[in-house]
Amino acid sequence: IAHNTLSVASRILNLPYTILSNNAPHIENYRYDIDMSRFVEWNNLSRYKVFELSPYDETLVIDADYLVLENKIKFIFETQWDYILQRQSYALTQEWPETMGSYSLPFVWATVFAFRKTPRAKLFFNLVERIQNNYEYYHTLFNIRERNYRNDYAFAIADYIVNGYCLCNHSIPGNMLTLDQALDSISIKDSQLIVKDKNRGYVLPLMNIHIISKSYLQSDNFDKLIEQL
């Protein structure tokens, strides 16, 4: 999956890419799988290591389930920042909660972000590691709704601390669209996305998408989309 999505991103953005896989110690963590309608193991505990592992001075990090279909995100490198996060997102079939809990911080998304190798960015990732290693404490302190560890939550907390315990609005421009349901197919026609699940079809403008359905990402239909791209 990572090779497919990153090779497409590399071609569209005209940037080199490197694949990094999870190499954190095994800790029990789970996510809800929309394809199987049950909880499955979730290996997501080495995200903070990307600062040290990246071979680049400037790095755009995308998850293997994030598909780059247009190149606007590349222009973030023309602006000033040490790190920049995705703060706005919406789902195709439901409304996301705006905060991590009833009295907590606003969501940020670790699905896509960028950083430069600066002291401030290093501080951010060091804090993400500290939050992960002491998650029970930070979970309680920030009144987080879910019990599971999520990089999204650790990023939000670390960002809040780095910014002097203040909220920051500096963000990757635009909303991230998440296809949050089990999928049958995605195709592109006349600069539009055609997304189909078992119940209906959607016609959307061409944009970068976050695909939750892991079964679709391993399907022949996804391979056909990659061939089209």
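Residues numbered from 1 in each chain as written. Predicted model: local features only at pLDDT ≥ 70, side-chain atom pairs only at ≥ 80, totals over all residues. Heavy atoms only, no water.

A. View of the overall build of the protein. Across its full length, the protein holds 7 helices and 12 strands. Its C-alpha atoms give the protein a radius of gyration of 17 Å, within 12% of the compact-globule value 17 Å for 229 residues. In terms of overall dimensions, the protein has a C-alpha envelope of 45 × 40 × 30 Å along the principal axes. Here the protein holds 229 residues, and 48% of them are scored as buried. The long-range fraction of contacts in the protein, counting pairs at least 24 apart against all pairs at least 6 apart in sequence, stands at 70%. (Helix = DSSP H or I, 4+ residues; strand = E, 2+ residues; numbered from the N terminus. Rg over C-alpha atoms; globule rule 2.2 N^0.38 Å. Buried < 20%, exposed > 50% of the residue type's maximum accessible area, 1.4 Å probe, protein only. Contact = heavy atoms within 4.5 Å.)

B. Layout of helix α3 (residues 119-133). Look at α3: 21 Å from first C-alpha to last across 15 residues, which is about the 21 Å you get at 1.5 Å a residue. Those residues of α3 not exposed but buried are Ala 121, Phe 124, Phe 125, Leu 127, Val 128, Ile 131 and Gln 132. The buried residues of α3 occupy an angular sector of 155° when the element is viewed end-on, so they sit on one face. Those residues of α3 that are exposed and aimed more than 90 degrees away from the buried face are Pro 119, Arg 130 and Asn 133. (Expected span 1.5 Å × (residues − 1). Arc of directions from axis to C-beta.)

C. The packing of α3 against helix α5 (residues 151-162), seen in detail. Where α3 contacts α5, the two axes come as close as 9 Å, and the packing angle between them is 130°. By the angle class used here, α3 and α5 are oblique. Here the hand of the crossing between α3 and α5 comes out right-handed. Contacts from Arg 120, Leu 123, Phe 124, Phe 125, Leu 127, Val 128, Ile 131 and Gln 132 in α3 reach Asn 151, Ala 154, Phe 155, Ile 157, Ala 158, Asp 159, Ile 161 and Val 162 in α5. Its residues placed into classes, the contact of α3 with α5 shows 12 nonpolar, 2 polar and 2 charged. (Axes fitted to C-alpha atoms, helices over the stretch in contact; angles between N-to-C directions. Parallel < 35°, antiparallel > 145°, perpendicular 65-115°, else oblique. Left-handed = near helix turned anticlockwise from the far one by under 90°. Nonpolar A, V, L, I, M, F, W, Y, C, P; charged D, E, K, R; others polar.)

D. Representation of the pattern of salt bridges in the model. According to the stated counting rule, one finds 8 salt bridges in the structure shown. Here Glu 58 and Arg 116 are joined by a salt bridge, their closest N and O atoms 2.6 Å apart. Of this pair, Glu 58 sits in strand β3 (residues 58-62) while Arg 116 is found in strand β7 (residues 109-116), placing the two residues 58 residues apart along the sequence. We classify Glu 58 as partly exposed; its relative accessible area is 38%. Measuring nitrogen to oxygen at the nearest pair gives 3.8 Å for the salt bridge that ties Arg 120 to Asp 82. In this pair, Arg 120 sits in helix α3 while Asp 82 sits in the loop between β4 (66-67) and β5 (83-86), placing the two residues 38 residues apart along the sequence. Salt bridges sharing common partners tie together Glu 146, Arg 150 and Asp 152. (Salt bridge = Lys/Arg side-chain N within 4 Å of Asp/Glu carboxyl O.)

E. Spatial organisation of the layout of surface pockets. The space that makes up the second largest pocket amounts to roughly 420 Å³. Broken down by secondary-structure element, the contributors of at least two residues to the lining of the second largest pocket are β6 (89-91) and α5. Along the lines of polarity and charge, the residues of the lining of the second largest pocket split into 14 nonpolar, 4 polar and 3 charged. (1 Å grid on protein atoms, 1.4 Å probe; cavity = no way out; pocket = protein on both sides within 12 Å on 5 of 7 lines; lining within 4 Å. Points joined across faces, edges and corners; volume = space filled by probe spheres on them.)

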